[in-house]
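# Summary of the model geometry
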Amino acid sequence: MADIQTSEAERKRARHLHATLLFNLVVNHIFLFLMALTLISYSTIPLIMMVVLSLALLSYIHISAARSLNNEPSWFIRCHWQFAAKRARLFLYLFLALGSLTLVLFYGGQAMHMQKVATWALTGGFGMLPFMVAVLGLIIIEFDAEHLAKTGRVPASAIAHYPPPQEA
């Protein structure tokens, strides 16, 4: 863990993508997901909107992190943004893989004329439960990363992946 001399403005900007990813994980994938599940018998629009919002936020994180490689003069901000993008990419892969598995289990169970309870058990146990555990893990990791950005620190693994320039 390395303490970096940074200004308050740099620390705030370094936290930005971590906060965006946390918003996506906590608000979108927990609160809005629960709301969408309660309304699913009426409409699938809230569930679709949740997915669209998540993909938009993940795209924003990736685009911002990619632009920071060329346009951001502060190594501290670039480093934190690249780590936020790395975790957003991991979340996107989990979201797509386990979301696809959930859909296959749900519609596959219906196609095989399984009882509704068995279909929901398969869908929840093999598709949604691992995803929610992964979301919880990413929330904990991102809260720690945001705290590190707030206190002006960079983990050793970040320094190994994104070494500071020689003048730093």
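Rules behind the numbers
- Residues numbered from 1 in each chain as written.
- Predicted model: local features only at pLDDT ≥ 70, side-chain atom pairs only at ≥ 80, totals over all residues.
- Heavy atoms only, no water.
- pLDDT = per-residue confidence, 0-100.
- Helix = DSSP H or I, 4+ residues; strand = E, 2+ residues; numbered from the N terminus.
- Salt bridge = Lys/Arg side-chain N within 4 Å of Asp/Glu carboxyl O.
- Buried < 20%, exposed > 50% of the residue type's maximum accessible area, 1.4 Å probe, protein only.

## Thoughts on the confidence of the model for the protein chain
On average, the protein chain scores 88 in pLDDT, and the residues at 70 or more come to 99%. In the model of the protein chain, strand β1 (residues 2-3) stands out as the element of lowest mean pLDDT, 73, in contrast to helix α2 (residues 45-71), which has the highest, 94.

## Some points on the pattern of salt bridges
One pass over the structure, following the stated rule, counts 3 salt bridges. Here Glu72 makes a salt bridge to Arg13, at a shortest N to O gap of 2.7 Å. Of this pair, Glu72 sits in the loop between α2 and α3 (75-111) while Arg13 sits in helix α1 (residues 8-39), and the two are 59 residues apart along the sequence. For Glu72, a relative accessible area of 10% corresponds to the buried category. A relative accessible area of 37% places Arg13 in the partly exposed class. The partner of Arg15 in a salt bridge is Glu146, with the nearest N and O atoms 3.7 Å apart. Placement of the pair is Arg15 in helix α1 and Glu146 in helix α4 (residues 116-151), with a sequence separation of 131 residues. When its relative accessible area of 26% is taken as the criterion, Arg15 is described as partly exposed. The class for Glu146 is buried, based on a relative accessible area of 14%.

## Some words on the environment of Val133
Inspection of the secondary structure puts Val133 in helix α4. Remark: the alpha-carbon pair of Val133 and His29, spanning 104 residues in sequence, is separated by 12 Å.

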